[in-house]
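Structural description and commentary
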Amino acid sequence: MVMEIVCPAGTPAALRAAVKAGAHTIYCGFADETNARNFPGLNFDRVEMRDSVAFAHQHGSKVLVAINTFPRAGDEAIWHRAVADAESCGADAVILADAGLLDYAARHHPNLRRHLSVQAAAANADMVNFYAETFGVKRVVLPRVLSVPEIAAINAETEVETEVFVFGGLCVMAEGRCSLSSYATGRSPNMNGVCSPASHVEYHDHNGVLDAQLGGYTIHRAQKGDAAPYPTLCKGCFSAGEKTDHLFEDPVSLNAEQLIPQLQKAGVTALKIEGRQRSRSYVTQVVRNFREAVDALEDGRPMPQGMLARLSEGQAMTTGAYKKTWR
Amino acid sequence: MSQTSVSVPRCPPLLAVPLRAVPLAPLSASLTAFSRRIATSHPGLYRRLGDYANTPFVIDPTDLPLVILLHPGNGKPTITLTRRPVEGAARIAGPLAALLGLVHGGFDGDALFFSRDLVIEGDTSASLALRNAIDDAELDLSEELLNLTGPLAAPVHRALLLLERRTGLYLTRPEEAAW
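Values in this document were obtained by computation on a predicted structure and should not be read as measured data. (Residues numbered from 1 in each chain as written. Chains lettered and ligands numbered in written order. Predicted model: local features only at pLDDT ≥ 70, side-chain atom pairs only at ≥ 80, totals over all residues. Heavy atoms only, no water.)

1. As for the overall build of chain A
Helix and strand counts for chain A come out as nine helices and 15 strands. Here the C-alpha radius of gyration of chain A, 19 Å, is about what a compact globule of 327 residues would show, namely 20 Å. Overall, the C-alpha framework of chain A stretches about 55 × 55 × 40 Å when taken along its three principal axes. Going through the 327 residues of chain A one by one, you find that 61% of them count as buried. Contacts in chain A between residues far apart in sequence, at least 24 positions, make up 63% of those at least 6 positions apart. Working note: accessible area of chain A is about 12,500 Å², and carbon and sulfur atoms make up 50% of it. (Helix = DSSP H or I, 4+ residues; strand = E, 2+ residues; numbered from the N terminus. Rg over C-alpha atoms; globule rule 2.2 N^0.38 Å. Buried < 20%, exposed > 50% of the residue type's maximum accessible area, 1.4 Å probe, protein only. Contact = heavy atoms within 4.5 Å. Areas by Shrake-Rupley, 256 points an atom, 1.4 Å probe, with all protein chains shown as cover.)

2. A look at the sheet that holds strand β8 (residues 201-206) of chain A
Residues and elements named next belong to chain A. Strand order in the open sheet made by the three strands is β8-β9-β10, with antiparallel pairing throughout. Only two strands of the sheet have a single neighbouring strand rather than two, namely β8 and β10 (217-222). In this sheet, adjacent strand axes meet at a mean angle of 20 degrees when their direction is disregarded. As defined by bridge partners, β8 adjoins strand β9 (residues 209-214) across six bridges and the pair is classed as antiparallel. Looking at β9, one finds that E202 is bridged to Q213. (Pairing = 2+ DSSP bridges. Axes fitted to C-alpha atoms, helices over the stretch in contact; angles between N-to-C directions.)

3. Considerations on the environment of V137 of chain A
Residue and element names in this part refer to chain A. Structurally, the position occupied by V137 is in the loop between α5 (125-135) and β6 (139-141). Residue V137 is classed as buried on the basis of its relative accessible area, which comes to 4%. A sequence separation of 24 residues divides V137 from R113, and the C-alpha atoms of the two residues are 7.4 Å apart. If near-sequence neighbours (up to four positions away) are discounted, V137 is found in contact with L102, R114, H115, L116, Y131, A132 and V160.

4. With respect to the pattern of salt bridges
All names here are of chain A. Applying the stated criterion to the full structure yields 26 salt bridges over all chains. A salt bridge links R139 to E4; its shortest N-O distance comes to 2.8 Å. Here R139, found in strand β6, pairs with E4, found in strand β1 (residues 4-8); they are 135 residues apart in sequence, far enough to count as distant. R139 gets classed as buried once you look at its relative accessible area, which sits at 3%. When the shortest N-O distance is used, the salt bridge between D103 and R107 registers 3.0 Å. Of this pair, D103 and R107 are both found in helix α4 (residues 99-108), four residues apart, which corresponds to roughly one turn of the helix. The partly exposed category is assigned to D103, whose relative accessible area is 28%. Salt bridges linked by common partners bring E4, R113, R139, E161, E163 and K272 together as one network. (Salt bridge = Lys/Arg side-chain N within 4 Å of Asp/Glu carboxyl O.)

5. Considerations on helix α2 (residues 46-58) of chain A
Over its 13 residues, α2 of chain A runs 18 Å from end to end, which matches the ideal 18 Å to within 8%, given 1.5 Å per residue. Within α2 of chain A, the full set of buried residues consists of E48, M49, S52, V53, F55 and A56 of chain A. Down the axis of α2 of chain A, the buried side of the element spans an arc of 160 degrees, and every buried residue falls inside it. If you follow the buried residues of α2 of chain A, they end up packed against α1 (12-21), β2 (25-28) and β3 (62-67) of chain A together with α3 (43-49) of chain B. (Expected span 1.5 Å × (residues − 1). Arc of directions from axis to C-beta.)

6. As for the domain arrangement of chain A
Residue and element names in this part refer to chain A. We note that the domain assignment places domain 1 (4-170 + 252-323) and domain 2 (180-246) within chain A. Distance between the C-alpha centres of domain 1 and domain 2: 26 Å. Facing the 20 residues of domain 1 at the interface are 14 residues of domain 2. Summed over both sides, the interface of domain 1 with domain 2 buries roughly 1,200 Å², with 49% coming from carbon and sulfur. If you look at where domain 1 meets domain 2, you find zero salt bridges. (Domains from an automatic or database assignment. Buried area = accessible area lost by both parts, 1.4 Å probe.)

7. Observations regarding the interface of chain B and chain A
On the side of chain A, 55 residues touch chain B, which itself brings 40 residues to the contact. Across the chain B to chain A interface the summed buried area is about 3,800 Å²; carbon plus sulfur atoms make up 48%. With a shortest N-O distance of 3.7 Å, R280 of chain A and D135 of chain B are connected by a salt bridge. The tally of links between chain B and chain A comes to 20 residue pairs in polar contact (both at pLDDT 80 or more). Looking at the side of chain B that touches chain A, the elements with two or more residues in it are α4 (96-104), α5 (109-114), β5 (119-122) and α6 (124-137) of chain B. The class makeup of the residues in the side of chain B that touches chain A is 16 nonpolar, 13 polar and eleven charged. (Polar contact = N/O pair within 3.5 Å; in protein donor to acceptor, adjacent residues only side chain to side chain. Nonpolar A, V, L, I, M, F, W, Y, C, P; charged D, E, K, R; others polar.)

8. Quick look at the sheet that holds strand β1 (residues 57-61) of chain B
All names here are of chain B. Taken in spatial order, the five strands make up an open sheet running β3-β2-β1-β4-β5, and their pairing is mixed. Two strands close off the open sheet at either side, each with one partner strand: β3 (78-82) and β5. Taken pair by pair, the neighbouring strands of this sheet meet at an average axis angle of 20 degrees, ignoring direction. Sheet topology places strand β2 (residues 67-71) next to β3; five bridges connect them, and they run antiparallel. Bridge pairing in β3 places L70 opposite I79.

9. As for the environment of T55 of chain B
Residues and elements named next belong to chain B. With respect to the secondary-structure elements, T55 resides in the loop between α3 and β1. Relative accessible area serves as the criterion here: at 11%, T55 is assigned to the buried category. Measuring from C-alpha to C-alpha, the distance between T55 and R84 comes to 20 Å, with 29 residues separating the pair along the chain. Not counting chain neighbours up to four residues away, the residues in contact with T55 comprise L70, P72, A89 and A126.

10. Considerations on the layout of surface pockets
Estimates place the volume of the second largest pocket at around 310 Å³. Along its surface, the second largest pocket is lined by 21 residues, and N38, F39, P40 and G41 of chain A together with Y52 of chain B are the ones closest to its centre. Those elements giving two or more residues to the lining of the second largest pocket turn out to be α3 and α6 of chain B. Here the lining of the second largest pocket takes three residues from α3 of chain B, the largest share from any one element. Each residue belonging to the lining of the second largest pocket can be placed in one class, and the counts come to ten nonpolar, six polar and five charged. For the lining of the second largest pocket, the domains that each give at least three residues are domain 1 (4-170 + 252-323) and domain 2 (180-246) of chain A. (1 Å grid on protein atoms, 1.4 Å probe; cavity = no way out; pocket = protein on both sides within 12 Å on 5 of 7 lines; lining within 4 Å. Points joined across faces, edges and corners; volume = space filled by probe spheres on them.)

As structure tokens, then:
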């Protein structure tokens, strides 16, 4: 069976571009704090979501609605309403992270398929099976800290579908538990849907030297001609003593395109592309590239060599934890 | 790890140099009228701008001898061209080809930022909102222009396509062929 390409869409136009480019499935979110890409000008209102789901279904694609932040105490109704609205818009599944919200969805919307978000950081078979048995989760998005053998080991012990990231921004932390953005800005992807919120980011260009500031802290300085990274602390460059270096990870993007055959052998069902904050142009290029790759694999043809580095953070790519080459 | 770079063409001097002498006031008035037509035909663009629908933006085509001050005006935009330094809440700077490529969906904004072809300063939220709103609007400036040219639409269209091929500037929205 062809591996499923799960593509991001931050706007209805990006969703249409993804469908036209050959995405089997598109994931997106409502324009509020219920999803982990709550950036200015992004996401879908309820009418846009309903119309976009209808467009995708007309063209044979599925839509997953990410409601993958953690509900704030006292405001759970915002997240409950998002689940109900996703179902009424015709979504094929919701992507959830919070155990309470999973329980709510299982009890109140039993016919709405539930996927476990990467934000839940389910990184072993026991945890995956717990979510499946307790909340009826049908698919788990695995965190980007696992090697291919570890993914195979999980799939050997579960009937739950697994989905893994193959391209895009690389979160190197245990997702859903990272507090770096919150430390610097008071806002986090987990609670507010924003890692390094734009409202707290400033760039200053001094004759070609680009300083990136987050919450008033200078976290990166790109010399003239150097590629620029996203303004996240995990990709920041810091000075300590006489050494200046990237403390956690270099500014690179994940590209596991050439590992797709191994991921298929490891039992992976779906390949996820990161980037709901990206443009129609990105969506079109990346989806086409990966659709060609999975179709080639299915037909027994050689994997095409992609040309995606220029779309990557820092214009550099890595296979991340899949090959465990990190320091 | 592998690396490569984006290739963004520069505006040919034949187009850029005359702008040093062109009177900017009538050009500003024409662009303001043009942008108001677009605002009327794409109301969703302003919905997406949200809190930034009245935020002044400085658009700086770095290979042209002028700067564009865009005031969205809550759906009644004003465009002012100037050769002097100008203040806005946010500044977006890059070659004309990069800016037109963003408008038409030919380039990805983050990729242009990574490659340093695009620089944003000031209110980052406002810049993001503008970029995302424009990307969703699926604008085609040539199509908007052709709507104004009446019987001259066909030859103007051919001229624009020729100019696009010769300069590498995105003057039209790329086709999104179905899979």
